[in-house]
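Read off the chains here:
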Amino acid sequence: MLKKGKFSEKEKADIKTLIKFVGIYCKENHNGEKKTFHFKLLDIKEIEKKEVSLCPECTRLLTYGLTMRLRCPHEVKPMCKKCETQCYHGEYKAKIREVMKFSGMYMIKHGRVDMLYHYFI
Ligand SMILES: [Zn+2]
């Protein structure tokens, strides 16, 4: 069902948002060893125009987030909090909310209010 390289503009925009938010969160909060992020269905470099380095924890979260986004069963994706599917569970749900909140605030402080920081909250 998941096919590489066949994403709508909306999906691409959501994917970009996810990568950016987790990237900011990791950069500002985690100091451990980081590795270049890879996701089997996407060319991150093509989407972000640069490589993204994440710690193991954020790598897991972003992998989960991207997988869930690409699996979203709705034709038009609703706001996650209003969605009946609720694909984020347990620790991932708490974590992604924390990431969205932190990175949302970070972007506002840095004048990036054009990003959809409320997207997942
Ligand atoms: Zn991290």
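The shown structure was predicted, so the numbers you read here are calculated from the model rather than taken from an experiment.

Analysis parameters
Residues numbered from 1 in each chain as written. Predicted model: local features only at pLDDT ≥ 70, side-chain atom pairs only at ≥ 80, totals over all residues. Heavy atoms only, no water. Helix = DSSP H or I, 4+ residues; strand = E, 2+ residues; numbered from the N terminus. Buried < 20%, exposed > 50% of the residue type's maximum accessible area, 1.4 Å probe, protein only. Areas by Shrake-Rupley, 256 points an atom, 1.4 Å probe, with all protein chains shown as cover. Phe/Tyr/Trp six-rings, centres within 6.5 Å; stacked < 30°, edge-to-face > 60°. Lys NZ or Arg CZ within 6 Å of the ring centre and 35° of its normal. Donors = N, O, S within 2.8 Å, 3.2 Å for Na, K, Ca; no water. Salt bridge = Lys/Arg side-chain N within 4 Å of Asp/Glu carboxyl O. Expected span 1.5 Å × (residues − 1).

> Explain the overall build of the chain to me, please; I cannot follow it from the model alone.
From N to C terminus, the chain includes four helices and two strands. For the chain, the α and β elements follow one another from N to C terminus as α-β-α-β-α-α. Per-residue burial over the chain gives 39% buried out of 121 residues. In the structure as shown, the chain presents an accessible area of about 7,700 Å², 54% of it carried by carbon and sulfur atoms.

> Where do I start with the packing of aromatic side chains in this structure?
Centre distance and the angle of the planes are the two values used to describe a pair of aromatic rings. Throughout the structure, instances matching the rule amount to three aromatic pairs. The interplanar angle of 90° and the centroid separation of 5.5 Å between the aromatic rings of Tyr25 and Phe102 together place this pair among those described as edge-to-face. With Tyr25 in helix H1 (residues 9-29) and Phe102 in helix H4 (residues 90-109), the pair connects residues that are 77 residues apart, well separated along the chain. Residue Phe102 is classed as partly exposed on the basis of its relative accessible area, which comes to 28%. Arranged with centres 6.5 Å apart and planes meeting at 25°, the rings of Phe102 and Tyr106 form a pair that is stacked. Taken as a pair, Phe102 and Tyr106 lie in helix H4 at a separation of four residues, close to a single helical turn. Members of the aromatic cluster, joined through ring pairs, are Tyr25, Phe102 and Tyr106. Looking at Lys40, its charged tip hangs above the ring of Phe39, at a distance of 5.8 Å from the centre.

> Got a minute to help me understand the coordination of the zinc ion in this structure?
Note on metal geometry: ideal angles are 109.5 degrees for four donors arranged tetrahedrally and 90 or 180 degrees for six donors arranged octahedrally. Donor atoms from the polypeptide that bind the zinc ion are Cys26 (SG), His30 (ND1), Cys55 (SG) and Cys58 (SG), placed at 1.9 to 2.3 Å. Donor residues for the zinc ion sit on one chain with the sequence pattern C-x3-H-x24-C-x2-C. For the pair Cys55 and Cys58, one class covers both residues: buried.

> How do you make sense of the pattern of salt bridges when you look at a structure like this?
Pairing is possible between side chains of opposite charge, provided their charged atoms come close. Per the counting criterion, the structure on display carries eight salt bridges. The salt bridge involving Lys20 is made with Glu48; its shortest N-O contact spans 3.5 Å. Pair noted here: Lys20 is in helix H1 and Glu48 is in helix H2 (residues 44-48), with a separation of 28 residues, a long-range link. For Glu48, a relative accessible area of 9% gives the class buried. With a closest N to O distance of 4.0 Å, Glu98 and Lys95 form a salt bridge. In this pair, Glu98 and Lys95 are both assigned in helix H4, three residues apart and thus about one turn of the helix distant. Via salt bridges that share partners, Lys10, Asp14 and Arg69 belong to a single interconnected network.

> I keep staring at unusual backbone geometry and nothing clicks. Help me out?
If a residue is not glycine, its phi is most likely negative; likewise, a peptide bond is most likely trans. For Lys49, which is not glycine, the phi dihedral falls at a positive 70°. Along the chain, the position of Lys49 falls in the loop between H2 and strand E2 (53-54). Classification of Lys49 as exposed rests on a relative accessible area of 68%.

> I tried to follow helix H3 (residues 56-71) on my own but got confused; where do I start?
What sets the pattern is the α-helix's 3.6 residues per turn: residues three or four places apart point alike. The end-to-end C-alpha distance of H3 is 23 Å, a good match for the 22 Å that 16 residues give at a rise of 1.5 Å each. Taken residue by residue, H3 has Cys58, Leu61, Leu62, Tyr64, Gly65, Leu66, Thr67, Met68, Arg69 and Leu70 as its buried positions.

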